[in-house]
Amino acid sequence: MSIDSAPINLTHHFLIAMPGLEDESFARSVVYLCEHSERGALGLIINKPTEITLKGLFDKVDLSLRREDLRTAPVFSGGPVQTERGFVLHEPMLMDKAETDESAYASTMTIPGGLEMTTSKDVLEALSTGAGPRRVLITLGYSSWGEGQLESELGENAWLTVAADLSVIFDTPVAERYDRALALLGLQAWMLSPEAGHA
């Protein structure tokens, strides 16, 4: 069986940077993959906070933020692409009090596995009124790989992969997310060698 016979789909998985990955954007990062196909991959880094708080971000786009639980939460650096643009990773909207359809936001990617990623301002407007999704992670920028690029990096031992656990994204303190993601594989950081093994 050749290494490229069956395409892999890592949508709704974490990419965990190996110690040998020294690219400043990705060192010790955990990336949540929103999309992965033969055309490439797109994801958001979930453990690299910026200096900006959500309140600061909302001030910049002239919105108030009435959600006390979110005011001091950090905006994350989602990756090196389009770093001036916001990406909102969130739980799907429940029909609880909403008068609109589930995918109420204009530009939303539904991720198999239960999350959505929205790039339109309407999700921020919903959050500003105290509504919107309960659990969110907002990034500036995203990470992307062209056709075959991620598979090549995996072959070079740059990343570990594991099925995503939403509690790592939404319930785990930022400083612990890398170790928690590794723990999903039964690993600890000290066990990893920066050298790639070649059989």
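Residues numbered from 1 in each chain as written. Predicted model: local features only at pLDDT ≥ 70, side-chain atom pairs only at ≥ 80, totals over all residues. Heavy atoms only, no water.

Engineer: Please explain the nonpolar core as it appears in this structure.
Structural biologist: In summary, soluble globular proteins display a tendency toward joint burial of nonpolar side chains. Phe14, Tyr32, Leu89 and Ile169 are the most contacted members of the largest nonpolar core, which has 27 residues in total. When sequence neighbours within four positions are dropped, the list of residues in contact with Leu89 reads Tyr32, Cys34, Leu44, Ile111, Leu115, Glu116, Met117, Arg135, Val136, Leu137, Ile169 and Phe170. Formed by 17 residues, the second largest nonpolar core is a distinct cluster that contains Leu57, Val75, Val123 and Ala126. (Core = buried A, V, L, I, M, F, W, Y, C linked by side-chain atoms within 4.5 Å. Buried < 20%, exposed > 50% of the residue type's maximum accessible area, 1.4 Å probe, protein only. Contact = heavy atoms within 4.5 Å.)

Engineer: Looking at this model, I keep getting lost on the pairing of strand E6 (residues 81-90). Mind explaining?
Structural biologist: Remark: a regular strand shows side chains that alternate across the two faces of the sheet. Both E6 and strand E9 (residues 136-145) contribute to a ladder of six bridges, which runs antiparallel. Each bridged residue has a counterpart across the sheet, and for Gly86 the counterpart in E9 is Leu140. Alignment of E6 against strand E8 (residues 115-118), held across three bridges, turns out to be antiparallel. Among the inter-strand pairings, Leu89 is bridged to a residue of E8, identified as Met117. (Pairing = 2+ DSSP bridges. Helix = DSSP H or I, 4+ residues; strand = E, 2+ residues; numbered from the N terminus.)

Engineer: What am I meant to see in the packing of aromatic side chains here?
Structural biologist: How two aromatic rings sit relative to each other is given by the distance of their centres and the angle of their planes. Inspection of the entire model under this criterion finds five aromatic pairs. Between Phe14 and Tyr32 the ring centres are 6.3 Å apart and the planes differ by 70°, which places this aromatic pair in the edge-to-face class. Here Phe14, found in strand E1 (residues 13-17), pairs with Tyr32, found in strand E2 (residues 30-37); they are 18 residues apart in sequence, far enough to count as distant. Accessibility classification places Phe14 together with Tyr32 in one group, the buried group. Their ring planes at 80° and their centres at 5.6 Å tell us that Phe26 and Trp159 sit as a pair that is edge-to-face. Within this pair, whereas Phe26 is found in the loop between E1 and E2, its partner Trp159 is found in strand E10 (residues 159-163), the two being separated by 133 residues in sequence. Through successive ring pairs, a cluster of aromatic residues spans Phe26, Trp145 and Trp159. (Phe/Tyr/Trp six-rings, centres within 6.5 Å; stacked < 30°, edge-to-face > 60°.)

Engineer: Teacher, can you tell me more about the side chain of Ser29 here?
Structural biologist: For Ser29, the location among the structural elements is in the loop between E1 and E2. Look at Ser29 and you get buried, because its relative accessible area is 0%. Among the polar contacts made by the side chain of Ser29, one reaches the main-chain carbonyl oxygen of Phe26 at a distance of 2.7 Å. Setting aside anything within four residues of it in sequence, one finds Ser29 in contact with Leu15, Ile16, Ala17, Ile45, Asn47, Lys48, Trp159 and Tyr178. (Polar contact = N/O pair within 3.5 Å; in protein donor to acceptor, adjacent residues only side chain to side chain.)

Engineer: Would you mind going over unusual backbone geometry with me for this structure?
Structural biologist: Trans is the prevailing form of peptide bonds, just as negative phi is the prevailing case for residues other than glycine. Residue His12 is not a glycine yet carries a positive backbone phi of 65°. The phi dihedral of Asp62 is positive, around 60°, even though this residue is not glycine. Within the secondary structure layout, Asp62 lies in the loop between helix H1 (54-60) and strand E5 (74-77). Accessibility expressed as a relative area gives 71% for Asp62, which makes it exposed.

Engineer: For this particular structure, what's the right way to read the pattern of salt bridges?
Structural biologist: Opposite charge on two side chains permits them to pair, given that their charged atoms come into close proximity. Applying the stated criterion to the full structure yields five salt bridges. In this structure, Arg39 engages Glu38 in a salt bridge whose closest nitrogen and oxygen atoms are separated by 3.9 Å. Taken individually, Arg39 and Glu38 each receive the classification exposed, so the pair is uniform in this respect. Across the salt bridge formed by Glu91 and Arg135, the nearest N and O atoms sit 2.9 Å from each other. On the criterion of sequence distance, the pair formed by Glu91 in the loop between E6 and strand E7 (108-111) and Arg135 in the loop between helix H2 (122-128) and E9 is long-range, its members being 44 residues apart. Residue classification places Glu91 among the buried positions, given a relative accessible area of 18%. Judged by relative accessible area, Arg135 falls into the buried class, the value being 17%. When salt bridges that share partners are traced, they join Glu91, Arg135 and Asp171 into one network. (Salt bridge = Lys/Arg side-chain N within 4 Å of Asp/Glu carboxyl O.)

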